[in-house]
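# Structural overview
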Amino acid sequence: MTSDPTAALIDPHGRQIDYLRLSLTDKCNLRCFYCMPQGFHDFEKNENWLSFDEIERVVRVFSELGVKRVRLTGGEPLVRKGVARLASRLSVLPGLDDLSLSTNASLLKSQAQSLFDAGVSRLNISLDSLDPEKFESITGGRLADVIEGLMAAKAAGFAPLKINMVALKGINDDEFEDMVEFCLEHDFTLRLIETMPMGATSEQATDRYLDLGEVKARLAQRYDLIPGVMPGGGPARYVQVNGTDLRIGFITPISQHFCETCNRVRLSVDGTLHLCLGQSHSYPLKPLLRKGIDDAGLKAAIVEALALKPLKHEFVEKPSQVVRLMSMTGG
Ligand code: SAM
Ligand code: SF4
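These remarks concern the structure in this document. (Residues numbered from 1 in each chain as written. Chains lettered and ligands numbered in written order. Predicted model: local features only at pLDDT ≥ 70, side-chain atom pairs only at ≥ 80, totals over all residues. Heavy atoms only, no water.)

Helix and strand counts for the protein chain stand at 11 helices and 12 strands. In terms of overall dimensions, the protein chain has a C-alpha envelope of 55 × 40 × 40 Å along the principal axes. Looking at the protein chain alone, contacts between residues at least 24 apart form 73% of all its contacts between residues at least 6 apart. Accessible area of the protein chain: about 13900 Å², with a carbon and sulfur share of 52%. (Helix = DSSP H or I, 4+ residues; strand = E, 2+ residues; numbered from the N terminus. Contact = heavy atoms within 4.5 Å. Areas by Shrake-Rupley, 256 points an atom, 1.4 Å probe, with all protein chains shown as cover.)

Listed below in structure tokens is the structure:
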């Protein structure tokens, strides 16, 4: 292996991988219709979950290979017991600059402060509607729980909080302006997301797909949007609402893919490394971990896995190709 650790994680297409998304569980207490089918129970067995010790080890090895940012996700990460405990072990790893978490916030109220104290630096919170009935019809959950979680996170010191809103044609497409006003009022960043066809919810996601180019044009009629703020490694293309601090990100995997700047890989709860959200290329790390592989061997395996990273997803060309649900890969 080369002496420059970051050189190891350059994929065959010349992209530097410095970001790991880590799924703590494929389970969820909600059932967003575009993510997880109603009545779905085919979850990974507990004995196949990476333990906290295994997770800490894999993250340490990734950070030694040049990964600087880790996001805890799922499924719903907060349904797993002891997430703050795990976060406190990960946030102190040398070389890791940023530990963040994606959550539906419905269980966040009681955990926000301990997550903040454990060194989680940023939170992304899913919120598709501000209407309680609509929220329930999309997610099966209670809007009030999410709002309480959100406010607890704000009070704990998380800033800026990012709201992830999946744009759903005919469902929440009358709410973009309301969401902008909500984010302005509370100093949140807003990110709008296009639905992606994944696994058994592909059809539902495709039926509700909305091109965010149209949404942006609509918002531009009401707000003065300044383009090009907040460039970063992530997929969102941001604009700022002139005269305010509000940033709105557009995540457009379908209408305008961003694969050329992809900087990430995903580790699912069973220790499988997924090289692309929209492709099947994967590499199982758990068997190696449980066979007692040493750190050098684990690094070599990760580098070997990276050689499998495809150039781009094919959600548009082959919409039925992804058989995994988003909640299985770690969205
Ligand atoms: N449960 C957490 C949450 O909802 O934030 C974290 C995991 S969730 C899979 C991560 C993100 O993926 C959420 O913002 C969710 O809205 C998004 N998502 C899930 N299925 C999707 C799909 N088919 N298309 C687009 N986004 C999706
Ligand atoms: Fe659960 Fe998040 Fe999927 Fe909704 S998007 S079902 S909250 S994992």
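Don't stop here, the text continues.
Among the five residues in strand β2 (residues 69-73), four count as buried, and that is most of the element. Sheet topology places strand β1 (residues 19-23) next to β2; five bridges connect them, and they run parallel. By the bridge assignment, Tyr 19 is partnered in β2 with Arg 69. Looking at chain direction, β2 and strand β3 (residues 98-103) are connected through four bridges and run parallel. (Buried < 20%, exposed > 50% of the residue type's maximum accessible area, 1.4 Å probe, protein only. Pairing = 2+ DSSP bridges.)

A word on the site of ligand 1. Close contacts around ligand 1 come from 18 residues, with Tyr 34, Gly 75, Glu 76, Ser 126 and Met 196 the closest. Note that a nitrogen atom of ligand 1 is positioned 3.0 Å from one of the backbone N or O atoms of Gly 75. Out of a free accessible area of 540 Å², ligand 1 has 94% covered by protein chains. If you list the elements that add at least two residues to the shell around ligand 1, you get β3 and β5 (162-166). When its residues are assigned to classes, the shell around ligand 1 shows six nonpolar, 10 polar and two charged. (Near = heavy atom within 4 Å. Polar contact = N/O pair within 3.5 Å; in protein donor to acceptor, adjacent residues only side chain to side chain. Nonpolar A, V, L, I, M, F, W, Y, C, P; charged D, E, K, R; others polar.)

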